[in-house]
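One letter stands for each residue in the lines below.
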Amino acid sequence: MAYTDEIRELVWKRNPGEAEFHQAVDEFLNGIEPVVQKHEKEYRDGMLLERLVEPERSISFRIPWVDDHGKLHVNRGYRIQFNSAIGPYKGGLRFHPSVNRSILNFLAFEQIFKNALTGLSIGGGKGGADFDPKGKSDREVMAFCQSFMTELFHYIGAREDVPAGDIGVGAREIGFLYGQYKRLTRQFEGTLTGKGIEWGGSLVRVEATGFGLAYITEELLQYYGNTLQGKTVAVSGSGNVAVHAAQKAEELGARVVTMSDSGGYIYDERGIDIQAVKEIKEVRRGRIREYVDAIPSADYYDGANVWETPCDVALPCATQNELSLDSARLLVKNGVKAVCEGANMPTTLEATEYLLSEKIPFLPGKASNAGGVAVSELEMAQNAMQTYRSFEDVDSQLQSIMKNIFRQLREAAEAYDMKDNFVAGANIAGFSKVARVMKAQGYV
Ligand code: NDP
């Protein structure tokens with residue numbers, strides 16, 4: 001049996017029912033197959049893949065909290081510390097009712113290779129809870145965050161594990177989490193990133209994932225002799241990543257015509273008014289359908305599939321497996337020229353394979369959404385040195401990091417005779433680095 005198939009069997013057996021984790025491992029193993037064939041003896045001798053697919057540490061804990069009516073609730077929290085070969089564990093916290101071990105294993109696993117691609121010194125981790133911040137008061141969110149951190153703080157630290165935000169964890173939640181961390185440890189240190197600018201945060205961190213996605217999309221298009229200028233772009237989601245990807249795409253001359261949430265999507269032929277979306281989502285914490293109240297010429301499609309919209313470039317920025325094979329077929333039929341993932345694993349495996357077979361330029365999230373974690377690392381460095389860098393300085397480093405990621409993908413794919421397969425390129429480049437370091441550090 002091929003070594004990669006043995007690893008599939010091991011992961012399936014050891015983590016039964018973890019569909020998302022299986023999917024992430026499956027895609028990864030497909031991508032690194034040629035590297036494994038080349039180094040099989042060395043990897044087998046060191047049980048490298050067996051070690052790679054097993055988290056170094058996996059923590060789950062109880063989170064009791066009281067709502068505004070005095071009712072007690074109990075949620076489950078997690079932190080998966082997957083791999084610290086190249087640096088302290090780094091990866092976001094997700095608060096969403098769907099959160100479970102499978103989703104966090106997939107996210108933490110992907111994070112290892114994403115972080116390696118940034119060229120910075122950060123390992124892979126992820127955490128969160130099956131808590132839904134939607135519809136909760138600020139006091140309820142604070143009570144939950146404080147209870148969550150009361151357990152999590154035992155396992156994190158500026159040189160050990162540095163969480164950030166993800167779905168459901170934005171500036172408000174990071175504030176409450178950091179406040180409680182500081183209270184418990186009596187340390188003002190950079191143990192969370194995405195902090196406010198006045199208390200250790202980095203400029204550009206809020207925008208970084210979305211801006212980075214737009215920058216690397218521009219790189220991809222330029223590689224094919226094209227640019228974002230004048231392109232019609234469909235964006236899904238309307239959270240942190242979606243809003244800033246749309247903003248930068250528009251600044252680079254594109255016309256972004258859609259945004260969505262789990263209720264439906266909006267279509268604005270003239271180009272989405274980003275300020276109107278920010279007002280709805282970030283200030284009022286409302287729903288995307290409210291956009292048509294502010295911009296009556298736009299349309300709202302309740303419960304509909306955003307990918308039915310004809311576009312040149314598709315940027316899925318909501319959540320995992322939101323772009324199915326049927327949606328990929330629709331995009332191709334409507335003439336899509338590139339698909340670049342802002343969310344983590346938003347495209348199903350079948351849809352990814354179909355897009356690659358149709359030769360649609362495709363960037364996987366573990367490369368194209370790495371801008372957020374990259375700027376998080378820059379925030380860690382600023383905290384360690386007690387300095388602040390300007391917006392322009394951080395933004396220009398973000399651009400060069402995204403350029404460098406694209407170069408690595410291209411070169412890794414070419415080195416293994418898979419020119420323009422950036423999914424394979426991302427897996428090969430990220431994995432090769434982690435594998436070299438794990439070998440150097442011995443059997444740990
Ligand atoms: P936010 O919570 O800010 O926004 C999430 C958006 O996705 C919302 O519009 C939300 O709609 C939508 N969404 C979430 N779950 C679903 C679902 N099951 N079905 C349909 N829509 C859904 O999250 P982020 O923007 O931070 O994260 C989006 C994606 O980007 C995630 O995959 C995340 O892991 C990834 N990512 C985020 C990074 C960051 O820096 N924030 C870094 C790298 C990756 P609704 O409000 O209706 O739920």
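Residues numbered from 1 in each chain as written. Predicted model: local features only at pLDDT ≥ 70, side-chain atom pairs only at ≥ 80, totals over all residues. Heavy atoms only, no water.

Participant: Give me the lowdown on the side chain of K195, citing residues and values where you can.
Facilitator: Within the secondary structure, K195 sits in the loop between α7 (171-185) and α8 (205-223). Of note is the side chain of K195, whose polar atom sits 2.7 Å from the side chain of N383. Every residue in contact with K195, bar those within four places of it in the chain, is listed here: I174, Y178, G190, G200, G201, E379 and N383. (Helix = DSSP H or I, 4+ residues; strand = E, 2+ residues; numbered from the N terminus. Polar contact = N/O pair within 3.5 Å; in protein donor to acceptor, adjacent residues only side chain to side chain. Contact = heavy atoms within 4.5 Å.)

Participant: Before we move on, could you go through the packing of helix α12 (residues 325-333) against helix α13 (residues 349-357) and cite the residues and values that matter?
Facilitator: Between α12 and α13, whose axes approach to 8 Å, the crossing angle comes to 25°. Classed by the angle they form, the pair α12 and α13 counts as roughly parallel. Pair α12 / α13 crosses with right-handed handedness. For the pair α12 and α13, the contacting residues are L325, A328, R329 and V332 in the first and E350, A351, Y354 and L355 in the second. (Axes fitted to C-alpha atoms, helices over the stretch in contact; angles between N-to-C directions. Parallel < 35°, antiparallel > 145°, perpendicular 65-115°, else oblique. Left-handed = near helix turned anticlockwise from the far one by under 90°.)

Participant: How would you sum up the site of the ligand? Please name residues and give values.
Facilitator: Surrounding the ligand, one finds 24 residues, the nearest of these being D166, T209, S262, R287 and N344. The side chain of D166 places a nitrogen or oxygen atom 2.6 Å from an oxygen atom of the ligand. Measuring from an oxygen atom of the ligand, one finds a side-chain N or O atom of R205 at 3.2 Å. Contact with the protein chains covers 82% of the free accessible surface of the ligand, which is 890 Å². For the shell around the ligand, the residue count by class is five nonpolar, 13 polar and six charged. (Near = heavy atom within 4 Å. Areas by Shrake-Rupley, 256 points an atom, 1.4 Å probe, with all protein chains shown as cover. Nonpolar A, V, L, I, M, F, W, Y, C, P; charged D, E, K, R; others polar.)

Participant: Which residues make up the side chain of K126, and what are the values?
Facilitator: Here K126 is to be found in strand β4 (residues 123-129). Polar contacts involving the side chain of K126 include one to the side chain of D166, which spans 3.0 Å. Excluding residues that lie within four positions of it along the chain, K126 makes contacts with R79, I80, G91, G92, L104, L107, A108, Q111, D166 and N344.

Participant: Quick one: what's the story with helix α17 (residues 422-440), residue by residue and with numbers?
Facilitator: The end-to-end C-alpha distance of α17, which contains 19 residues, comes to 27 Å, matching closely the 27 Å that a straight helix rising 1.5 Å per residue would cover. Burial analysis of α17 places 14 of its 19 residues in the buried class, which makes it a mostly covered element. G442, located one to two residues past α17, shows a positive phi value of around 80°. (Expected span 1.5 Å × (residues − 1). Buried < 20%, exposed > 50% of the residue type's maximum accessible area, 1.4 Å probe, protein only.)

Participant: Go over the environment of F131 with me, naming the residues and quoting the values.
Facilitator: In this fold, F131 is placed in the loop between β4 and α6 (138-152). With a relative accessible area of 1%, F131 lands in the buried category. In sequence terms F131 and R270 are 139 residues apart; their C-alpha atoms lie 37 Å from each other. With residues near it in sequence (within four places) discarded, F131 still touches W65, N75, F95, H96, P97, K136, V141 and F144.

Participant: How would you summarise the sheet that holds strand β12 (residues 362-363) if you had to cite specific residues and measurements?
Facilitator: Strand order across the open sheet formed by seven strands is β9-β8-β7-β6-β10-β11-β12, with mixed pairing between neighbours. Bordering the open sheet on either side are β9 (299-302) and β12, each of which pairs with just one other strand. Sheet topology note: the strand β6 (residues 232-236)/strand β10 (residues 313-316) ladder contains four bridges and is parallel. The residue bridging S236 from the neighbouring strand is P316, located in β10. Its contacts with the sheet put α8 on β10, β11 (338-340) and β12, and the angle it makes with β11 is roughly 150°. (Pairing = 2+ DSSP bridges.)

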